Amino acid sequence: MTSLRVTYDAKANAAYIYLNQDDTEARFGWMYPCDPVAVDGMINLDFDVSGRLIGVEVLGARSKLPAHLLDSAERIDRC
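Residues numbered from 1 in each chain as written. Predicted model: local features only at pLDDT ≥ 70, side-chain atom pairs only at ≥ 80, totals over all residues. Heavy atoms only, no water.

Novice: I'd like a description of the overall build of the protein, backed by residues and values.
Specialist: Secondary structure summary: the protein contains 3 helices and 6 strands in total. Counting from the amino terminus, the protein carries its helices and strands in the arrangement β-β-β-α-β-β-α-α-β. The globule rule puts the C-alpha radius of gyration for 79 residues at 12 Å, and the 13 Å found for the protein is close to it. In terms of principal-axis extent, the alpha carbons of the protein reach across some 30 × 30 × 30 Å. Buried residues in the protein amount to 30% of all 79 residues. Only carbon and sulfur atoms are counted for the fraction: they give 54% of the accessible area of the protein, which is about 5600 Å². The centroid of the 8 positive side-chain charges in the protein is displaced by 4 Å from the centroid of its 12 negative side-chain charges. (Helix = DSSP H or I, 4+ residues; strand = E, 2+ residues; numbered from the N terminus. Rg over C-alpha atoms; globule rule 2.2 N^0.38 Å. Buried < 20%, exposed > 50% of the residue type's maximum accessible area, 1.4 Å probe, protein only. Areas by Shrake-Rupley, 256 points an atom, 1.4 Å probe, with all protein chains shown as cover. Lys, Arg positive; Asp, Glu negative; His and termini not counted. Charge placed at Lys NZ, Arg CZ, Asp CG, Glu CD.)

In structure tokens:
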């Protein structure tokens, strides 16, 4: 199973799931916001300049993602 890097900010209740496998930063190209009504929240898909999906931002993460994923996420809480 491939492990993913996940960061979580509890104060903002926001998580980011990184999909790139290597340690190099992918060049960000654009963000596609999912329909907030259809997903009942805010989920943004990030693509690199080649159109490859590189990450998923989830706002309202506690209600959208499994607890075990957030519990094991790298914490980036704001001070």
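Novice: Would you mind going over the side chain of Asn13 in detail, with residue names and values included?
Specialist: Inspection of the secondary structure puts Asn13 in the loop between strand S1 (5–9) and strand S2 (14–18). Taking relative accessible area as the criterion, Asn13 reaches 14% and is therefore assigned buried.

Novice: Got a sec to walk through the packing of aromatic side chains? Specific residues and values, please.
Specialist: For the structure shown, the criterion picks out 2 aromatic pairs. Ring geometry for Tyr16 versus Tyr18: centroids 4.6 Å apart, planes at 65 degrees, classification edge-to-face. For Tyr18, a relative accessible area of 25% gives the class partly exposed. Plain terms: the ring middles of Trp30 and Phe47 are 5.3 Å apart, the flat faces sit at 15 degrees to each other, and that makes the pair stacked. Taken together, the positions of Trp30 in strand S3 (residues 28–33) and Phe47 in strand S4 (residues 42–48) put the pair 17 residues apart, joining distant regions of the chain. (Phe/Tyr/Trp six-rings, centres within 6.5 Å; stacked < 30°, edge-to-face > 60°.)

Novice: Please set out the sheet that holds strand S6 (residues 74–75) residue by residue, giving values where relevant.
Specialist: What the 6 strands build is an open sheet, ordered S3-S4-S5-S2-S1-S6; its pairing is mixed. Single-partner strands in this sheet number two, and they are S3 and S6. Judged from the 5 bridges that link them, S1 and S2 form a sheet pairing that is antiparallel. Considered in S2, the bridge of Val6 is made with Ile17. (Pairing = 2+ DSSP bridges.)

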